[in-house]
Amino acid sequence: MRIGYHCRLSRTQTLMQLDRILHSQGFGTRKACRALVRHGRVSVNGAVCADPFAEFAPEGLAFAVDGEAWTYRERAYLMLHKPAGYECSRAPKHHPGIFELLPEPLLNRDVQTVGRLDEDTTGLLLLSDDGQFIHKLISPRHKTPKVYEVTAKHPVDDTQIAALTKGVQLHDEPAPLAAAACERVSERVLRLTLTEGKYHQVKRMVAAAGNRVEALKRIAVGGLALPEDLPEGEWRWLDAADLARLWTPA
Ligand code: URA
């Protein structure tokens, strides 16, 4: 609902002009956003608004551009079910980049991946335009657990599980790296939890333990699991409950 021009809802909910709102959500330059509005391509709370300077309380505002529904979010937090065959890079070298799987407004908002998954790894990939959030999740200091489902080439034996749990020495690491948890799910499938995110860490640790990774899927970060109903290649916003789960142990 449109609100009078000079009122303030609260200290944190200052009114914003529609062109600014669209610009902040990744719909182009202020000029381009004004044109979108003037051409009747934008509706707010279900009604077309052709005045780019109309003011709205932004947080949670429901708007649509060319019929596609959006909700205003000051910061973007999302998850992608990464398929195999995509690189986690804005400038991919050998395969398509995961950014191809996101809509343009999110690219314009400059969302970044929270760490990287290898091209052939699938599963839960988080993205955001909030640098502090990204830093907190990838910083080794915070020890955020990342849970992987590992399909090994050979049957996994108890010695390998013990090595992964106790720690394996990788060539370029000063000290052995240990999994925070490691359990056998079936003869060749392991569930492995790591609290660091070093280059090819799962593959190198499994190799150092005497086996080989054939397929790798990240199934959780912190207490946030990859939803079963999120198909490969699809993304979704993180809601408040998802964000809270990230900081609780898996
Ligand atoms: N460890 C790996 O080896 N690869 C990944 O993509 C993630 C963790």
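Small disclaimer: the values here were computed from a predicted structure and weren't measured.

Colleague: Just checking my understanding: could you explain the sheet that holds strand 3 (residues 47–48) for this structure?
Modeller: Whether parallel or antiparallel, the strands of a sheet pair through hydrogen bonds between backbone atoms. As summarised here, the arrangement of the 4 strands in space is 3-2-5-6, forming an open sheet in which the pairing is antiparallel. One side of each edge strand has no neighbouring strand; the edge strands of this open sheet are strand 3 and strand 6 (68–71). Sheet topology note: the strand 2 (residues 42–44)/strand 5 (residues 62–65) ladder contains 3 bridges and is antiparallel. Counted as the bridge partner of Val42 is Val65 from strand 5.

Colleague: Would you mind going over the site of the ligand with me for this structure?
Modeller: Taken together, Leu117, Asp118, Thr121, Tyr148, His200, Gln201, Val202, Lys203 and Leu216 make up all the residues around the ligand. Between the ligand and Asp118, the relevant distance is 2.7 Å, taken from a nitrogen atom to a side-chain nitrogen or oxygen of the residue. Within the backbone of Val202, an N or O atom sits 3.1 Å from a nitrogen atom of the ligand. Considered on its own, the ligand offers 240 Å² of accessible surface; in the complex 95% of this is hidden by protein. It is helix 6 (residues 201–208) that contributes the most residues to the shell around the ligand, 3 residues altogether. Two domains share the shell around the ligand, each providing at least three of its residues, namely domain 2 (77–140 + 224–246) and domain 3 (146–221).

Colleague: Is there a simple way to think about the environment of Ala178 in this case?
Modeller: With respect to the element layout, Ala178 can be found in the loop between helix 5 (158–166) and strand 11 (181–186). The exposure class assigned to Ala178 is partly exposed, which follows from its relative accessible area of 29%. Residues Ala178 and Ala163, spaced 15 residues apart in sequence, show a C-alpha to C-alpha distance of 8.0 Å. Not counting residues within four places of it along the chain, the set of residues in contact with Ala178 comprises Leu164, Thr165, Lys166, Gly167 and Met205.

Colleague: When you look at helix 6 in this model, what are you seeing that I'm missing?
Modeller: Because each turn of an α-helix spans 3.6 residues, side chains separated by three or four positions in sequence point in the same direction. Buried within helix 6 we find Gln201, Val202, Met205 and Val206. The arc enclosing the buried residues of helix 6, seen along the axis, measures out at 120°, which places them on a common side. Buried residues belonging to helix 6 abut strand 10 (146–152), helix 5, strand 12 (189–194) and strand 13 (213–221). Gly210 lies just past helix 6 and shows a positive phi near 100°.

Colleague: Before we go on, may I ask you to explain the packing of aromatic side chains in this structure?
Modeller: Tallied over the full model, the rule gives 5 aromatic pairs. Ring centres of Phe27 and Trp70 lie 5.3 Å apart, and the angle between their planes is 90°; on these two criteria the pair is classed as edge-to-face. With Phe27 in the loop between helix 1 (18–24) and helix 2 (30–38) and Trp70 in strand 6, this pair connects stretches of sequence that are 43 residues apart. Judged on exposure class, the residue Phe27 and its partner Trp70 are both buried. Considering the side-chain rings of Phe133 and Trp247, the 6.0 Å spacing of their centres and the 85° angle between planes classify their relative orientation as edge-to-face. Note that Phe133 is positioned in helix 4 (residues 131–138) and Trp247 in the segment after helix 7 (240–246), a separation of 114 residues in sequence. The class for Trp247 is partly exposed, based on a relative accessible area of 37%. Grouped by ring-pair contacts, the aromatic residues Phe27, Phe63 and Trp70 constitute a single cluster. Between Arg90 and the ring centre of Phe99, over which it is positioned, the NZ or CZ distance is 4.2 Å. Sitting over the face of the ring of Trp247, Lys136 holds its NZ or CZ atom 4.3 Å from the ring centroid.

Colleague: Please explain the domain arrangement of the protein chain as it appears in this structure.
Modeller: Often, the extent of an interface is quoted as the loss of accessible area on bringing the components together. Split into domains, the protein chain comes out as domain 1 (16–71), domain 2 (77–140 + 224–246) and domain 3 (146–221). If you average the C-alpha positions of domain 1 and of domain 3, the two centres end up 48 Å apart.

Conventions we followed
Residues numbered from 1 in each chain as written. Predicted model: local features only at pLDDT ≥ 70, side-chain atom pairs only at ≥ 80, totals over all residues. Heavy atoms only, no water. Pairing = 2+ DSSP bridges. Helix = DSSP H or I, 4+ residues; strand = E, 2+ residues; numbered from the N terminus. Near = heavy atom within 4 Å. Polar contact = N/O pair within 3.5 Å; in protein donor to acceptor, adjacent residues only side chain to side chain. Areas by Shrake-Rupley, 256 points an atom, 1.4 Å probe, with all protein chains shown as cover. Domains from an automatic or database assignment. Buried < 20%, exposed > 50% of the residue type's maximum accessible area, 1.4 Å probe, protein only. Contact = heavy atoms within 4.5 Å. Arc of directions from axis to C-beta. Phe/Tyr/Trp six-rings, centres within 6.5 Å; stacked < 30°, edge-to-face > 60°. Lys NZ or Arg CZ within 6 Å of the ring centre and 35° of its normal.

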